[in-house]
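Coordinates in review
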Amino acid sequence: MKNIFQLSLLLLFLGMFSACNSGSATSDQQIEEIETATEVTTIYLVRHAEKDTTEASNEDPELTEAGHARAEALRALLEGQEVDALYATKYMRTGQTLYPLAQERNIEVVQYEGHDFEGLKERILQEHRGQTVVVAGHSNTLLPILEAFGAQKPFEEIQDNQYRYLFKLTVRPDNTASVEVTEFGA
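One structure accompanies this document, and this report is about it. (Residues numbered from 1 in each chain as written. Predicted model: local features only at pLDDT ≥ 70, side-chain atom pairs only at ≥ 80, totals over all residues. Heavy atoms only, no water.)

The next point concerns the pairing of strand β6 (residues 177-183). Two faces belong to every sheet, and in a regular strand the side chains alternate between them. In terms of strand pairing, strand β5 (residues 165-171) meets β6 through seven bridges, oriented antiparallel. Each bridged residue has a counterpart across the sheet, and for valine 171 the counterpart in β6 is alanine 177. As consecutive antiparallel partners, β5 and β6 are separated by five residues, and within that stretch asparagine 175 has a phi angle of approximately 70°, a positive value. (Pairing = 2+ DSSP bridges. Helix = DSSP H or I, 4+ residues; strand = E, 2+ residues; numbered from the N terminus.)

Glycine aside, negative phi is the norm for most residues, and most peptide bonds take the trans geometry. With a phi close to 55°, asparagine 106 is a non-glycine residue in the positive phi region. Within the element layout of this structure, asparagine 106 appears in the loop between α3 (92-105) and β3 (109-111). When its relative accessible area of 73% is taken as the criterion, asparagine 106 is described as exposed. At asparagine 175, a residue that is not glycine, the phi angle is positive and equals roughly 70°. With respect to the element layout, asparagine 175 can be found in the loop between β5 and β6. By relative accessible area, which is 39% here, asparagine 175 ends up partly exposed. (Buried < 20%, exposed > 50% of the residue type's maximum accessible area, 1.4 Å probe, protein only.)

The strand order across the open sheet built from six strands is β3-β2-β4-β1-β5-β6, with neighbouring strands paired in mixed fashion. Of all the strands in the sheet, just β3 and β6 have a single pairing partner and so form its edges. Geometrically, the sheet is characterised by an average inter-axis angle of 25° between neighbouring strands, direction not taken into account. Strand direction decides the pairing type here: strand β1 (residues 41-47) and strand β4 (residues 132-137), joined by six bridges, are parallel. Bridged to isoleucine 43 within β4 is valine 133. Relative to strand β2 (residues 85-88), helix α4 (residues 117-127) is tilted by about 170°, and along the sheet it contacts β1, β2, β3, β4 and β5. (Axes fitted to C-alpha atoms, helices over the stretch in contact; angles between N-to-C directions. Contact = heavy atoms within 4.5 Å.)

A separate point is the pattern of salt bridges. Applying the stated criterion across every chain, the model contains nine salt bridges. Across the pair arginine 70 and glutamate 50 runs a salt bridge whose closest N-O atoms are separated by 2.8 Å. Of this pair, arginine 70 sits in helix α2 (residues 65-77) while glutamate 50 sits in the loop between β1 and α2, and the two are 20 residues apart along the sequence. Here lysine 153 makes a salt bridge to glutamate 156, at a shortest N to O gap of 3.5 Å. In this structure lysine 153 comes out as partly exposed when scored by relative accessible area, which is 28%. With relative accessibility at 64%, the residue glutamate 156 sits in the exposed group. Linked by salt bridges that have partners in common, Glu72, Arg75, Glu79, Glu104 and Arg105 make up one network. (Salt bridge = Lys/Arg side-chain N within 4 Å of Asp/Glu carboxyl O.)

Here it is as structure tokens:
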């Protein structure tokens, strides 16, 4: 009888210990979810820098000297700002625009499909929520990317000869978004 009582007491104790332990794991998980849910995601969107237009048939031109200077200006502008990820399209000019940042931070540039605005949004919010991301795009893709995140585009279009805009997209935990526009480079 004494052994049955001791066994019952032991099982009761183990059950309580197990319940407390699993509660602790849940609490840690809940804390992580709350922290993630309160973090703001920052996305800097930039058009690729000046491209070489001397050969009209070249669909994948490199940056010009002015373009490389603008890419360096982007790196300098974001100096001191934490950057967790870099995204560029398949074209050399977008990768080259992010190259100084990638080199300085030792971050790989991830390729994304230029016209898959929703896919880019989902990927960033799933993989980089609460982080800072820099995306290099094109004159005809930056404004649709802003809209995909739910932000109002600040103007109707980006002209083919305009390279100076940097869009700071802020996505709050409730997925509402706002955008600030600055200009950089020469």
